[in-house]
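# A closer look at the structure
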Amino acid sequence: MSPAMAADSAEPAVAVSKVTQDHRIQKRLTSILEASAWFSELSVSVDSGIVILEGVGDNLEHIKWAEEMTGRTEGVIAVVNKVQPRALGFFDLSPAKEEVAKLIRSISRNLPFIVLALLVLGLTFFVTSSSAKLIRKVLRLRIGSDLLLMTISRALVVPIFLIGIYTVLQIGGLTRVAMTLVGGTGILGLVLGLAFRGILENYLASLILSVRQPYRVGDVVELLGHQGVIDSVTTRATVLIDYDGNHVLIPNSLVFNSIVKNQTANPNMRVNFEVGIAQDESVAEAQGLILEVLRRHASVSKEIDSMVIVEGLGSSTVNLGVYFWVNIKKHSWRKIRSVLITESKDALQTAGISLPDDAREMIFPAGIQVSMMSEKEASRVVLEAAPIKKVETSEQPSQSLESEQGDLKKIARESFLPNQGANIVGEEELGGTR
């Protein structure tokens, strides 16, 4: 290789004496390789500019370095590298030690950048958290929903967080990664939106439910055919406790698109039942007796008039519809209805008003055998018959008429329910708290 060609090469050549005899190349290379202390049993031979390297090297990286350095030496035409890597023992940890040493040296060189990146990262989290709290404080008077307030505050501080992460990556020398992060944020959002569409639908439905609040914790509602008391409303589902004590989890996206029947939005609920009296009885008298029963009962609302009206005619009865109002936050309408049906029956029977069964048609395919008896025998049969007992007023068993909501909330406190997150709607204190 001529001096002019060596000067034009990408890397500077190792300078030797202008006289490029083989023994001088050998002497120069041997001196350099021995000075590195990376080789043992080293042998360097040169023949007509062809260098033959033999011996044992510490590792492949050092052996490769020796070959490259020899090839750049002036006067060298070719390199035959016969240097073998040092054989490692079974418990030789020298390669691991070298890697640890490299890691320590790399950390030492980059320690100022690491410290600065950590400071910027900590400052990013502090600014993000403080900004979110400030936004919630400013908007709290205008936005009543805690979930919506939290979502808005987090959305507004996302740019601050992304700027902080971008700065940390720039300090660490990861410019390409930083640009990928910024450019891929929109794509990542689209991918996550498609992958977690159901979760996002429930979350958006939860936002709307937390703002509108069609029901509160403790309300008696009917959702998608399930009736019970609202136990909690989270960002995923509405938890309902039905009257059998079962926990029913209904996704909020389904609740948002369905009919919600809230029975406690208005605490007064109209309850009804039907009574059939004989067609030859006085309808007005029966109506008065039943209305008196309704007026006497303390759980029936006195602010809204009760009524007893004729609903229709049966085959053998006049059917009376009984309507009254009950505060279902305080009382159980089922229990009160049961009590009033019994008391109305007793009042009518005590007054001698018949409550006949509907007429039935009875068919005897084989016919009926009729036997004739004398008047004397017929009188004896009548006298031996059991006397008709007078109808007595039945007594109601003692039981509470309070609403079942308190019992259901007690059941909910004692039951196991998987964690669904914090409640996002208000709570009505009924019969205890969760």
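A brief look at the structure comes next. Just so we're clear, the structure is a prediction, and the values are computed from it rather than from any experiment. Sequence positions are assigned chain by chain, starting from 1 and proceeding in written order. Reporting in this predicted model follows two pLDDT cut-offs: at least 70 for local features of residues, and 80 or more for side-chain atom pairs to be given and counted; totals over whole chains, interfaces and linings ignore these cut-offs and use all residues. Only hydrogens and water are set aside; all other atoms, that is, all heavy atoms of the structure, feed into the side-chain values.

The buried fraction of strand S6 (residues 237-242) amounts to 6 of the 6 residues, a majority that puts the element mostly inside the structure. Side chains Ala237, Val239 and Ile241 project from S6 onto one buried face, and the interleaved Thr238, Leu240 and Asp242 project onto a second face that is buried too. Relative to S6, strand S5 (residues 226-233) runs antiparallel, the two sharing 5 bridges. The partner of Val233 across the bridge, within S6, is Thr238. Paired strands, in this sense, are two strands between which DSSP finds at least two bridges. Helix and strand assignments come from DSSP, with helices taken as H or I runs of at least 4 residues and strands as E runs of at least 2, each series counted from the N terminus. Where S5 folds back on S6, the antiparallel hairpin that results is connected by 3 residues. Sheet analysis places S6 next to strand S7 (residues 247-251), joined by 5 bridges and oriented antiparallel. Across the sheet, residue Thr238 finds its bridge partner in S7, namely Ile250. Linkage of S6 to S7, two consecutive antiparallel strands, is achieved through a turn of 4 residues, within which Gly245 is found at a positive phi near 85°. The cut-offs for exposure are 20% and 50% of the maximum accessible area for each residue type, with area from a 1.4 Å probe on protein chains only; residues under the lower value are buried, those over the upper are exposed, and the others partly exposed.

Our next topic: the packing of aromatic side chains. Here a Phe, Tyr or Trp ring, Trp counted by its six-membered ring, pairs with any other such ring whose centre lies within 6.5 Å, and the pair is stacked when the planes are under 30 degrees apart, edge-to-face when over 60, and tilted otherwise. Following the criterion strictly, the structure yields 2 aromatic pairs and no others. Ring geometry for Trp38 and Trp65: centres 5.4 Å apart, planes at 80°, overall edge-to-face. Taken together, the positions of Trp38 in the loop between helix H2 (22-36) and strand S1 (39-47) and Trp65 in helix H3 (residues 60-71) put the pair 27 residues apart, joining distant regions of the chain.

Moving on to the sheet that holds S1. Strand order in this open sheet of 3 strands is S1-S2-S3, and the pairing throughout is mixed. In this open sheet, the two strands that pair with only one neighbour each are S1 and strand S3 (78-85). Going across the sheet, the axis of each strand differs from the next one's by a mean of 10°, ignoring polarity. As judged from the 8 bridges shared by strand S2 (residues 50-57) and S3, these two strands associate in the parallel manner. By the bridge assignment for S3, Gly55 is matched with Val83. Contacts are residue-level and defined by heavy atoms, with any inter-residue pair within 4.5 Å sufficient. Between the N-to-C directions of two axes lies an angle of 0 to 180 degrees, each axis being a line fitted to C-alpha atoms and, for a helix, fitted only over the stretch in contact. Against the sheet, H2 engages S1 and S2, with an angle of about 165° to S1. Taken strand by strand, H3 contacts S1, S2 and S3, and its axis lies near 165° from that of S3.

Before going further, it helps to spend a moment on the nonpolar core. Only buried residues count toward a nonpolar core, which is a set of Ala, Val, Leu, Ile, Met, Phe, Trp, Tyr and Cys residues joined through side-chain atoms within 4.5 Å. In terms of nonpolar packing, the biggest core is built from 21 residues, with Ile277, Val322, Phe324 and Leu340 touching the most fellow members. Elements represented by at least two residues in this core include exactly strand S9 (268-278), helix H9 (283-296), strand S11 (317-327) and helix H10 (333-350). Every residue in contact with Ile277, bar those within four places of it in the chain, is listed here: Ser282, Val283, Ala286, Ser316, Thr317, Val318, Leu320, Leu348, Ile353, Ser354, Leu355 and Pro356.

All right, on to H2 then. For H2, with 15 residues, the first-to-last C-alpha span of 22 Å sits near the 21 Å given by 1.5 Å per residue. Within the sequence span of H2, burial applies to Ile25, Leu29, Leu33 and Ser36. The buried residues of H2 occupy an angular sector of 50° when projected down its axis, which confines them to one face. Turned more than 90 degrees away from the buried face of H2, the exposed residues are His23, Lys27, Glu34 and Ala35. For H2, the secondary structure elements touched by its buried residues are S1, S2 and H3. Positioned one or two residues after H2, Ala37 has a phi angle of 60°, which is positive. How far a helix is expected to stretch is found by multiplying one less than its residue total by 1.5 Å. Our arc is simply the arc of the directions from the helix axis toward the C-beta atoms.

Its identity as a non-glycine residue notwithstanding, Ala37 has a phi of 60°, on the positive side. Note on Ala37: relative accessible area 60%, which makes it exposed. We note that Glu41 has phi near 50°; this positive angle belongs to a residue other than glycine. Within the fold, Glu41 resides in strand S1. You can call Glu41 exposed: its relative accessible area is 67%.

This paragraph deals with the sheet that holds S9. The antiparallel open sheet is built from 3 strands, whose spatial order is S9-S11-S10. Every other strand in the sheet has two partners, leaving S9 and strand S10 (307-313) as the edge strands with one partner each. Neighbour to neighbour, the strand axes of the sheet diverge by 25° on average, direction disregarded. Summarising the sheet, S9 and S11 pair through 11 bridges and their orientation is antiparallel.

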